[in-house]
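Working through the structure, step by step
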Amino acid sequence: MKLPEPRGDLSAAVIDLLGGTSKALPEVDHDPYGEDLQLALHTAYELHYRGFPDVDPEWEWDPDLLRLRRDMEKAFLAALREDVPGGDDISGVLAQLLVEPVDGEGVSHFLKDDGEWWQIREYFVHRSIYHHKEADPHIWVVPRLQGRAKAALVAVEFDEFGGGRAERLHSQLYVDLLAGAGLETGYLHYLDDVPAQMLAVVNMMSLFGLHRAFRGALVGHFAAAEITTAPSAQRMVKALSRFDADEACLHFYTEHMEADAVHEQVMRRDVIGDLLDREPELTESVVFGVQATELLEERFGEHVLSSWRAGQSSLRRRTT
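In what follows, the accompanying structure is described. (Residues numbered from 1 in each chain as written. Predicted model: local features only at pLDDT ≥ 70, side-chain atom pairs only at ≥ 80, totals over all residues. Heavy atoms only, no water.)

Examining the pattern of salt bridges
Taken as a whole and judged by the stated rule, the model has 14 salt bridges. In this structure, the salt-bridge partner of R127 is E297, at a minimum N-O distance of 2.6 Å. Of this pair, R127 sits in helix α6 (residues 117-131) while E297 sits in helix α13 (residues 283-309), and the two are 170 residues apart along the sequence. Using a relative accessible area of 9% as the deciding quantity, one classes R127 as buried. The residue R165 makes a salt bridge to E167 at a minimum N-O spacing of 2.8 Å. Residues joined by salt bridges that share partners form a network here, namely R7, E35 and R316. (Salt bridge = Lys/Arg side-chain N within 4 Å of Asp/Glu carboxyl O. Helix = DSSP H or I, 4+ residues; strand = E, 2+ residues; numbered from the N terminus. Buried < 20%, exposed > 50% of the residue type's maximum accessible area, 1.4 Å probe, protein only.)

A word on helix α11 (residues 215-241)
With 27 residues, α11 ought to run about 39 Å at 1.5 Å a step, and its terminal C-alpha atoms sit 38 Å apart, in line with that. Along its length, α11 shows its largest kink, about 40 degrees, at T229, and proline P231 lies within four residues downstream of that point. Most of α11 is tucked away, with 21 of its 27 residues classed as buried. (Expected span 1.5 Å × (residues − 1). Bend = angle between axes of the 7 residues up to and from the residue.)

Focus: the layout of surface pockets
The computed volume of the largest pocket comes to approximately 1400 Å³. The wall of the largest pocket is formed by 50 residues, among which T228, R235, E294, E297 and E298 lie closest to the centre. Within the residue set of the lining of the largest pocket, elements represented by two or more residues are α4 (90-97), α5 (107-113), α6, α11, α12 (247-278) and α13. Along the lines of polarity and charge, the residues of the lining of the largest pocket split into 21 nonpolar, 16 polar and 13 charged. (1 Å grid on protein atoms, 1.4 Å probe; cavity = no way out; pocket = protein on both sides within 12 Å on 5 of 7 lines; lining within 4 Å. Points joined across faces, edges and corners; volume = space filled by probe spheres on them. Nonpolar A, V, L, I, M, F, W, Y, C, P; charged D, E, K, R; others polar.)

Looking at the side chain of R127
Among the polar contacts listed, one links the side chain of R127 to the side chain of E297, at a separation of 2.6 Å. If we ignore the near neighbours within four places in the chain, the residues touching R127 are Y174, M198, E297 and F300. (Polar contact = N/O pair within 3.5 Å; in protein donor to acceptor, adjacent residues only side chain to side chain. Contact = heavy atoms within 4.5 Å.)

Side note on the packing of aromatic side chains
Applying the stated rule across the entire model yields 11 aromatic pairs. For the pair F124 and Y253, a centre-to-centre distance of 6.4 Å together with 25 degrees between the ring planes defines the contact as stacked. Linking F124 in helix α6 with Y253 in helix α12, this pair joins segments that are 129 residues apart in sequence. When the ring centre of Y187 is taken as reference, the NZ or CZ atom of R50 above it lies at 3.8 Å. (Phe/Tyr/Trp six-rings, centres within 6.5 Å; stacked < 30°, edge-to-face > 60°. Lys NZ or Arg CZ within 6 Å of the ring centre and 35° of its normal.)

Given below as structure tokens:
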């Protein structure tokens with residue numbers, strides 16, 4: 001995967017630095033949800049995943065780049081904290097996730113009832129940035145947990161990683177989905193096409209995963225994802241059935257319908273329950289992780305749906 005195309009002076013500075021054409025790093029004074037900062041942050045985080053072929057691995061721990069990344073994280077976190085209600089009502093927050101509104105208006109609702117095939121393929125492009133990393137950021141929290149919470153989260157991750165079988169890795173199932181939909185399957189192939197609203201969702205996972213201080217928030221995020229996935233996956237199966245989609249596309253979502261229905265029980269009872277029994281001071285952090293996930297997913301959904309309802313592509317450049 002090559003370095004992405006810059007979206008402003010901040011991302012250009014990070015990309016030029018990694019490409020060896022500059023050593024200057026700017027001050028962080030940018031929209032925390034904007035294209036420039038989110039791409040710069042995603043690029044810095046990618047050094048902790050697969051990296052870039054022509055970038056020296058030593059950049060992963062470069063002090064100057066880490067300082068810039070920390071400044072971007074502070075801006076991002078400040079915006080998230082300002083935009084969520086916060087609090088410590090973990091039971092109420094989780095209960096709210098379990099409620100399926102009759103008049104739901106999310107992306108999967110739209111695709112189930114009114115979506116066209118090109119819109120489904122666009123949605124696949126967006127989500128590829130997330131699903132190419134599926135379960136990877138969450139594994140960072142394992143050494144920071146104890147007892148039942150650790151064992152239960154590893155059990156969930158074992159399923160996410162295919163139960164030890166490479167062809168059943170959930171990230172591989174998404175590659176198969178992309179191929180079934182006639183899309184490019186390369187790792188982060190569509191990074192330049194996906195807007196900040198999707199990058200922010202992935203960056204949040206990376207931020208929470210890389211910092212021990214946010215272990216509660218990462219557990220909260222993971223729980224929110226597992227609790228809400230099964231109903232959404234069910235709607236996607238109905239949407240895909242309208243178009244007689246390739247079996248690989250259907251299989252990705254039927255797998256999540258079955259697995260995540262079990263995972264949400266494990267995450268609520270065994271992971272969050274045990275974690276907060278041991279470290280009750282993390283309650284607000286877990287709540288923050290749930291709320292931040294909901295906030296960013298809503299922002300993503302609003303962007304996608306407003307674009308489609310205006311008759312426009314939701315991607316930065318239409319590729320489907």
